[in-house]
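# Residue-level structural notes
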Amino acid sequence: MTGKCPEYLNDLNDYLDGTLDQATCAEIQRHLGECENCRIMIDTLRQTVTLCRGGKPEPLPPALEARLNGLLKTRWEQKFGKRPG
Ligand SMILES: [Zn+2]
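### Re the packing of helix α1 (residues 5-17) against helix α2 (residues 22-34)
Two numbers describe how α1 lies on α2: the axes approach to 10 Å, and their chain directions differ by 120°. It follows that α1 is oblique to α2 by the angle criterion. α1 and α2 meet at a crossing whose hand is left-handed. Taking contact as the criterion, the partners of Cys5, Tyr8, Asp11, Leu12 and Tyr15 in α1 are, on α2, Thr24, Cys25, Glu27, Ile28, Gln29, His31 and Leu32. Residue composition of the contact of α1 with α2, grouped by class: seven nonpolar, three polar and two charged.

Conventions we followed
Residues numbered from 1 in each chain as written. Predicted model: local features only at pLDDT ≥ 70, side-chain atom pairs only at ≥ 80, totals over all residues. Heavy atoms only, no water. Axes fitted to C-alpha atoms, helices over the stretch in contact; angles between N-to-C directions. Helix = DSSP H or I, 4+ residues; strand = E, 2+ residues; numbered from the N terminus. Parallel < 35°, antiparallel > 145°, perpendicular 65-115°, else oblique. Left-handed = near helix turned anticlockwise from the far one by under 90°. Contact = heavy atoms within 4.5 Å. Nonpolar A, V, L, I, M, F, W, Y, C, P; charged D, E, K, R; others polar.

Note that every value here comes from positions in space, so none of it alone points to a role or purpose.
This is the structure:
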């Protein structure tokens with residue numbers, strides 16, 4: 001790593017999001033061309049971003065959610081007694 005890497009690291013997320021301004025973007029691309037460490041870093045980040053975006057949690061099926069809520073309510077009442085209202 002060169003001494004400049006930490007500066008770029010801060011911008012890599014924005015770079016992946018596409019929210020960087022043109023000048024910074026070009027600078028990062030130039031740096032990525034000559035710095036293997038940052039290339040590896042951005043590959044890792046990109047994979048992580050893809051994984052996070054691809055791994056959206058599915059909403060629970062309504063029947064299951066109702067059952068879970070009922071279970072939680074029962075547990076709550078066993079522990080703390082019935083809540084007023
Ligand atoms: Zn670097």
